[in-house]
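Each chain is listed here by its residues.
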Amino acid sequence: MALTDQELISAFQKIVGAEQVITSPVDLEPYLVDWRKRYRGQAIAALRPASTQEVSEIVKLCVTHQIAIVPQGGNTGLCGGATPNPTGRQIVITTKRMNKILAIDTSNQTMTVEAGVILQTLQEEAAKAGRYFPLSLGAEGSCMIGGNLSTNAGGTSVLRYGNARELCLGLEVVLPNGEILNSLRGLRKDNTGYDLRDLFIGAEGSLGIITAAVMKLFPTPVAQWTALVATPSAEGAIELLNRFQAGASAQLTGFEMMSQESLALLKHYYPALASPLAGENPYEVLVEISDYESSEHAMQLMETILEGALESGCASDAIIASNIAQARKFWDMREHVPLAQADDGPNIKHDVSLPISAIPEFVKVCDALLKEKYPNSRIINYGHLGDGNLHYNIAGPSSSETESFFSAHNDDIQALIYIEVERLSGSISAEHGVGQQKVDYLKGHRGEAAFNLMHAIKKAIDPNNLMNPGKVINL
Ligand SMILES: Cc1cc2nc3c(=O)[nH]c(=O)nc-3n(C[C@H](O)[C@H](O)[C@H](O)COP(=O)(O)OP(=O)(O)OC[C@H]3O[C@@H](n4cnc5c(N)ncnc54)[C@H](O)[C@@H]3O)c2cc1C
């Protein structure tokens, strides 16, 4: 016999304690809406387990009573993946209380952490142990490592260190039947059968709940130099990237691009973060070099490459940050572009990746099509250029028109952009994931064979479709 909501809540309370089952509308509210406030749902309750065992017991109870589960970390995802659906028949499991650093092994260069550890805490704890954890993104003060792994987060250091997947050696996962899969091994080599770890990374909670992970650590660079460089075009930005790749190789640890309209938005909402470079440059690029030898060595490298770039014309101006505070300001500029966009109102978001060589054509064609069809639209184009990842976002003519522009043109503009992405063999989701936002695009984008394989995997691991249904793939 089906349990009433109250009976279910009592059963959950027995597992995690009464205070950790959130049901009051005010307390539940933050768990029901996404960061951008584009998706809103309902839930029987939000549960805050403190251990893997508790997560496992909750999942077993949900299987018995066929209640769907939405895993949630920091709730900073940008595709609605952590938001329950509107039926009110789901529960949210937040990893907030599972926030312990379980072990740091400096010889093995690894750190074992629970899923609810905030990314910035992980970076800080690694630094205290004299090591470097490179994953870094604008939401690092609130996103959690379980969420980072579930979205296979990218961020600003992918160029050198890879995305979340490449930084993970082992996982602990509660499967959709409540069983605990323990692969918390800090091994760099392990060829024993299928790679199960990688199935859960980037699965956005649709195959299980990540409860802990072993992450890679790195030696701390002795010096980092950051520069802000003006470039006349997307082609110029790519020539600049190629010059840094050739000259600095693995010492190139950041290469981020911002278009003039991104910089204008930044200046409007965060005047203190206005670009210090003169004039209105079509693009400005933030470059970071890290060095394991000395500060002088890094500076010499930066200066030599920039001199060549200025001579060739792919750079028209440049400032090398003279101290840590100025370097921090350059990074703040880049990290505040999405915040300025959020302040400005809704925009039509595209998180695309392309072969780097195809970026100039993509930008040229899409800019021209948009300017022809929507002459007053604003193209807020910025992103992780070194990874071929653009956040090519389109906003209405002014802040007061963003909502109406979004409602009227979202579907048409998205279709226009995605046609170009497909033509140039790119991806419609470079790092933010599929969530509920792109679930209907998955089949068309990945093709029949890949889609069928993903469908079969989902069905095999989660036959009752209880793990984040309606996200990533529809059964
Ligand atoms: C200002 C800003 C800047 C950003 N910059 C970047 C960026 O540079 N690069 C980038 O990749 N992303 C970026 N993001 C997006 C977001 O921060 C990342 O996707 C992040 O990895 C999400 O982590 P989270 O803990 O907030 O996850 P949530 O938003 O809580 O969840 C995201 C998805 O993972 C699932 N999930 C969460 N925890 C678990 C778990 N333990 N087990 C299983 N599934 C789980 C959820 O169900 C959901 O599908 C940015 C977001 C903001 C707001």
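Residues numbered from 1 in each chain as written. Predicted model: local features only at pLDDT ≥ 70, side-chain atom pairs only at ≥ 80, totals over all residues.

### Quick word on the overall build of the protein
Okay, step 1: Of regular secondary structure, the protein possesses 15 helices and 18 strands.
Okay, step 2: The C-alpha atoms of the protein give a radius of gyration of 23 Å, which matches the 23 Å a tight globule of 475 residues would have.
Okay, step 3: Expressed as a percentage of its 475 residues, the buried residues of the protein come to 49%.
Okay, step 4: A fraction of 74% describes how many contacts in the protein between residues 6 or more apart in sequence connect residues 24 or more apart. (Helix = DSSP H or I, 4+ residues; strand = E, 2+ residues; numbered from the N terminus. Rg over C-alpha atoms; globule rule 2.2 N^0.38 Å. Buried ≥ 20, exposed ≤ 12 C-beta atoms within 10 Å, placed from the backbone. Contact = placed C-beta atoms within 7 Å.)

### Overview of the domain arrangement of the protein
Okay, step 1: Taken as a whole, the protein is organised into domain 1 (5-94), domain 2 (101-219), domain 3 (221-337) and domain 4 (345-431).
Okay, step 2: The centre of domain 1, based on its C-alpha atoms, is set 43 Å off from the matching centre of domain 3. (Domains from an automatic or database assignment.)

### Brief notes about the environment of S377
Okay, step 1: Position of S377 relative to the elements: it lies in the loop between α12 (359-373) and β17 (378-384).
Okay, step 2: In sequence terms S377 and F405 are 28 residues apart; their C-alpha atoms lie 8.7 Å from each other.

### Some thoughts on the environment of I319
Okay, step 1: Checked against the element boundaries, I319 lands in strand β15 (residues 317-320).
Okay, step 2: Residue class for I319 comes out partly exposed when judged on the 18 C-beta atoms lying within 10 Å of it.
Okay, step 3: Sequence spacing of I319 and C143 is 176 residues, and the spatial spacing of their C-alpha atoms is 31 Å.
Okay, step 4: Apart from the residues lying within four places of it in its own chain, the contact partners of I319 are A227, L228, P276 and L277.

### Concerning the nonpolar core
Okay, step 1: Core analysis: the biggest nonpolar cluster contains 64 residues, and L47, I91, I145, C168 and A213 have the highest contact counts within it.
Okay, step 2: Element by element, the count of residues in this core is highest for strand β10 (residues 209-216), at six residues.
Okay, step 3: Not counting residues up to four positions away in its chain, the partners in contact with A213 are V113, A115, I145, L149, C168, G170 and L171.
Okay, step 4: One finds V158, V229, L301 and M302 within the second-largest nonpolar core, a separate group that totals 62 residues. (Core = buried A, V, L, I, M, F, W, Y, C linked by C-beta atoms within 7 Å.)

### Let's talk about the site of the ligand
Okay, step 1: In the vicinity of the ligand, 38 residues are found, and the nearest of them are G73, G77, G81, G146 and G147.
Okay, step 2: At the level of secondary structure, the elements contributing two or more residues to the shell around the ligand comprise β3 (68-72), α5 (145-150), β10 and α11 (324-344).
Okay, step 3: When residues of the shell around the ligand are assigned to their parent elements, the largest contribution, four residues, is made by α5.
Okay, step 4: Across the shell around the ligand, the residue classes tally to 15 nonpolar, 20 polar and three charged.
Okay, step 5: Residues from two domains meet in the shell around the ligand; each of domain 1 (5-94) and domain 2 (101-219) gives at least three. (Near = placed C-beta within 6 Å. Nonpolar A, V, L, I, M, F, W, Y, C, P; charged D, E, K, R; others polar.)

### A look at α12
Okay, step 1: Over its 15 residues, α12 runs 21 Å from end to end, which matches the ideal 21 Å to within 8%, given 1.5 Å per residue.
Okay, step 2: Burial in α12 covers these residues: I359, F362, V363, C366 and L370. Along the axis of α12, the buried positions cluster into a sector of 90°, meaning they face one direction only. Opposite the packed face of α12, turned more than 90 degrees from it, sit the exposed residues A368, K371 and E372.
Okay, step 3: Against the buried residues of α12 lie α8 (234-248), β17, β18 (389-395) and α13 (402-423). (Expected span 1.5 Å × (residues − 1). Arc of directions from axis to C-beta.)

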